[in-house]
Amino acid sequence: MTASTQTAAKARSLAVPNLSVASAAVWLTLTVMLAALAYYFLGYDQGAVSVFGSDTHVHEFVHDARHFLGFPCH
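No experiment lies behind these values; they were computed from the predicted model shown.

Q: Lay out the overall build of the chain in plain terms, naming residues and giving numbers.
A: A tally of helices and strands in the chain yields 4 helices and 0 strands. If you list the helices and strands of the chain from N to C, you get α-α-α-α. For the chain, with 74 residues in total, the buried portion stands at 14%. Pairs at least 24 residues apart make up 22% of the contacts formed inside the chain by residues separated by at least 6 positions. As presented, the chain carries roughly 6,200 Å² of accessible surface, and 71% of it is formed by carbon and sulfur atoms.

Q: How would you summarise the environment of histidine 67 if you had to cite specific residues and measurements?
A: Position of histidine 67 among the secondary structure elements: in helix 4 (residues 63-69). Taking the C-alpha atoms as reference points, histidine 67 and leucine 42, separated by 25 residues in sequence, lie 9.4 Å from one another.

Q: Any details on a nonpolar patch on the surface? Residues and values, ideally.
A: A surface patch of nonpolar side chains, amounting to about 570 Å² of accessible area, comprises Leu19, Val26, Trp27, Leu30 and Met33. Looking at where tryptophan 27 falls in the secondary structure, it is placed in helix 2 (residues 21-44).

Q: Which residues make up the confidence of the model for the chain, and what values go with them?
A: Detailed reading of predicted coordinates is not advised where the pLDDT is low. On average, residues of the chain score 76 in pLDDT, and 68% of them reach the 70 mark or higher. At the level of individual helices and strands, the chain shows its lowest average pLDDT in helix 1 (residues 3-12), which scores 61, and its highest in helix 2, which scores 89.

Cut-offs used in this document
Throughout, a residue's number is its position along its own chain's written sequence, starting from 1. Owing to the predicted nature of the model, reporting of local features is limited to residues with pLDDT of at least 70; listing and counting of side-chain atom pairs is limited to 80 or more, with chain, interface and lining totals taken over all residues. The basis for every side-chain value is the complete set of non-hydrogen atoms in the structure, without hydrogens or water. Secondary structure counts use DSSP, requiring at least four H or I residues in a row for a helix and at least two E residues in a row for a strand, with both numbered from the N terminus. Only protein chains enter the accessibility calculation, which uses a 1.4 Å probe; a residue is then buried when its area is under 20% of its type maximum, exposed when over 50%, and partly exposed in between. Throughout, a contact is declared for two residues whenever any of their heavy atoms are within 4.5 Å. Here the accessible surface of atoms and residues is derived via Shrake-Rupley with a 1.4 Å probe, and residues count as covered only by protein chains that are part of the display. Patch rule: a residue counts if its relative accessible area is over 30% and it has no salt bridge; like charges are joined within 9 Å, and nonpolar side chains (Val, Leu, Ile, Met, Phe, Trp, Tyr) within 5 Å. Salt-bridge detection follows one rule: a side-chain nitrogen of Lys or Arg within 4 Å of a carboxyl oxygen of Asp or Glu. For every residue, the predictor states its confidence as a pLDDT score lying anywhere from 0 to 100.

Below, the structure is given as structure tokens:
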């Protein structure tokens, strides 16, 4: 191979990040927690059983998104 061919081959190759098992576990845990939090506010929080008491501000804020995603709320 010539030098220009080697340079072109290196330019086309993808850099693979070094991801350890511990780092992957942390990212997976954070992703699952964020997804569970989003699911709670979009799919479960009705105001009456809210973690904020009987406040319906969160419910009203995500109301249209709930219907768009197929969650019934009334």
